[in-house]
Amino acid sequence: MSIKTKAVVLASSAVVLLFMVVGGMDGVRASSNDGAYRQLQVYSEVLSRVRSEYVEEPNIPVVTAGALHGLLESLDANSSYLSAAEYTEYKSHQTEGKADIGAAVSKRFGYASVISVIPGGPADKAALQDTDIIEAIEGKSTREMSVGEVRNLLSGEPGSNVTVSLVRARRAEPQKVVITREVVNIPPVTDKMLEDGIAVIQVDAFSKGKSQEIANKIKALQKSGAKKLVLDLRNCAEGDETEGIATANLLLNHGTITYLQGQKYPREAFNADPAKAITNLPVVVLVNKGTAGPAEIVAAAVLENARGDVVGDKTFGDGSIQKTMELPDGSALILSIAKYYTPTGKAIQDTAVTPNVMVADTDEDGPVPDEDENTTPADDATKKAQPPQPDQQMLKAIEVLKSRTT
């Protein structure tokens, strides 16, 4: 057997293995198997044509790795294939320092995308914004990276630097920005009282213990005379889904909060426990494009249980759990095995959460700045020193609450 033939056999075997893992060939119906095998035949034909007719001798392992990367990333942003070398590096990062840039990152349009930044963190200091596209990290295109690789490269030892190339709306060229990694501390939950007994609680991330923090704030505000509540979850994208579920339960005394389900993951429903509900005040949840994950669970639960209104812009759409599967050659799959669903059965990751009162993010409504290739995100921070514009989303939330009776 020639070296070329061995390479093709090896490549095809890798794809067969992948189909077996993704499709669960051992237990699915014969018709499903037939479909998978038909697609495998197509892949084998394409691979054969590439090997025999491409303009030059292809690097079969690279071609196969590219096919595997594409297959997994076509499923969703959180699923990925890691080659043996990539998986080794991925595991090594798991034991390193937990400093990072203080930003929630996923993939959109093929590249890494900033969902939101933590106030006071390194990304915030470097003037990164939600919707920024990270085109490259340390000169390497993020188009070729999985979400896991992106997050690994952005994390590291405290005090170390990472260089990213940002693509921003209305800018002609990517801008290089150096960010110093830090151990990021999530800001505490904040609150304030407005007119007419309207209280505002702002949450930046649903890290461990945040639901209890929010509970304490609600109790204190009610004692201080709060009659209505705004829960501000804008640019809140990180944290633990269990904290989001617990927070929703503070507001709900009945109904389904969310449920998990996958092809081989039995439905697991999270229902409101009446004993854990602490308030029946009228409530509005504020969201925007930087709202993701646990915060989306809260917003969807409030909206679809008719507990209150959701005001703002459509959320990001992120809610699933992953499983890492090591393969015999040292490579690995990171595969989404279940998604979080809203009470009415919408997959949050697929549909996001659409407010019943839509108000676009105000930063998209402002004047278009002059393009300047030499302008950096740090320069943009200087422009933010201008007088603040009215928070239209908050104003609408207050208006909605004022129209509701207690």
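Structure shown above.
Residues numbered from 1 in each chain as written. Predicted model: local features only at pLDDT ≥ 70, side-chain atom pairs only at ≥ 80, totals over all residues. Heavy atoms only, no water.

S.K.: Whenever I open this one, the sheet that holds strand β9 (residues 198–202) confuses me. Can you help?
M.R.: Strands pair in a sheet through their backbones, by hydrogen bonds, and they do so in one of two ways: parallel or antiparallel. Spatially, β8-β9-β10-β13-β14-β17 is the arrangement adopted by the six strands of the open sheet, whose pairing is mixed. Two strands close off the open sheet at either side, each with one partner strand: β8 (190–193) and β17 (357–358). Note that β8 and β9 share four bridges and pair antiparallel. Note that in β9 the partner of D191 across the bridge is I201. Strand contacts of helix α12 (residues 392–402): β9, β10 (228–232), β13 (283–287), β14 (309–312) and β17, with the helix running at about 165° to β13, the strand carrying the most contacts. (Pairing = 2+ DSSP bridges. Helix = DSSP H or I, 4+ residues; strand = E, 2+ residues; numbered from the N terminus. Contact = heavy atoms within 4.5 Å. Axes fitted to C-alpha atoms, helices over the stretch in contact; angles between N-to-C directions.)

S.K.: Would you explain the packing of helix α7 (residues 210–223) against helix α8 (residues 241–251) in this entry?
M.R.: Relative placement of two packed helices is described by the angle separating their axes and the distance separating the axes. One can describe the packing of α7 onto α8 by two numbers: an axis separation of 8 Å at closest approach and a directional angle of 25°. One finds that α7 runs roughly parallel with respect to α8. Of the two possible hands of crossing, α7 and α8 adopt the one that is right-handed. Contacts between α7 and α8 involve K210, S211, I214, A215 and I218 on the former and, on the latter, E243, A246, T247, L250 and L251. Tallied by class, the residues present in the contact of α7 with α8 amount to six nonpolar, two polar and two charged. (Parallel < 35°, antiparallel > 145°, perpendicular 65-115°, else oblique. Left-handed = near helix turned anticlockwise from the far one by under 90°. Nonpolar A, V, L, I, M, F, W, Y, C, P; charged D, E, K, R; others polar.)

S.K.: Just to check I follow, could you spell out the side chain of T315 for this structure?
M.R.: Along the polypeptide, T315 turns up in the loop between β14 and β15 (320–326). Polar side-chain contacts of T315 include one of 2.8 Å to the backbone nitrogen of V353. Ignoring anything within four residues of it in the chain, the contact list for T315 reads V287, N288, K289, T291, E296, A352 and V353. (Polar contact = N/O pair within 3.5 Å; in protein donor to acceptor, adjacent residues only side chain to side chain.)

S.K.: What is the right way to look at the packing of α8 against helix α9 (residues 294–304) in this model?
M.R.: Contact pair α8 / α9: the axes reach a minimum separation of 7 Å and the direction vectors enclose 25°. Comparing the axis directions of α8 and α9 gives the class roughly parallel. Relative to α9, the crossing made by α8 is right-handed. Within the contact between the two elements, α8 uses E241, G244, I245, T247, A248 and L251 and α9 uses P294, I297, V298, A301 and V302. Taken together, the residues that form the contact of α8 with α9 break down as eight nonpolar, two polar and one charged.

S.K.: Looking at this structure, I do not really get the packing of aromatic side chains. What am I missing?
M.R.: By convention here, two paired aromatic rings are described through the distance between centres and the angle between planes. A complete count under the given rule lists two aromatic pairs for this structure. With a centroid separation of 5.0 Å and 5° between ring planes, the pair formed by Y259 and Y341 is classed as stacked. Of the two residues, Y259 is situated in strand β11 (residues 256–262) and Y341 in strand β16 (residues 332–341); the sequence distance between them amounts to 82 residues. On the basis of relative accessible area, Y259 is assigned to the buried category, the value being 8%. Above the plane of the ring of F316 lies R108, whose end atom (NZ or CZ) is 3.9 Å from the centre. Residue placement shows R267 over the ring face of Y259; its charged tip is 3.7 Å from the ring centre. (Phe/Tyr/Trp six-rings, centres within 6.5 Å; stacked < 30°, edge-to-face > 60°. Buried < 20%, exposed > 50% of the residue type's maximum accessible area, 1.4 Å probe, protein only. Lys NZ or Arg CZ within 6 Å of the ring centre and 35° of its normal.)

S.K.: Could you clarify how one ought to interpret the pairing of strand β4 (residues 133–137) in this entry?
M.R.: Where a strand is regular, its side chains alternate between the two sheet faces. The buried count for β4 comes to four of five residues, which makes it a mostly enclosed element. Note: strand β3 (residues 111–117) against β4, two bridges, orientation antiparallel. Across the sheet, the residue bridging to A112 is I134, located in β4. Across four bridges, the pairing between β4 and strand β6 (residues 161–167) is antiparallel. Within β6, the position partnered with I133 by the bridge is V167. In the sheet, β4 pairs with strand β5 (residues 140–141) via two bridges, with the strands oriented antiparallel. Bridge assignment links A136 to a residue of β5, and that residue is S141. Taken together, β4 and the strand that follows it, β5, pair antiparallel across an intervening segment of two residues, in which E138 is found at a positive phi of about 50°.

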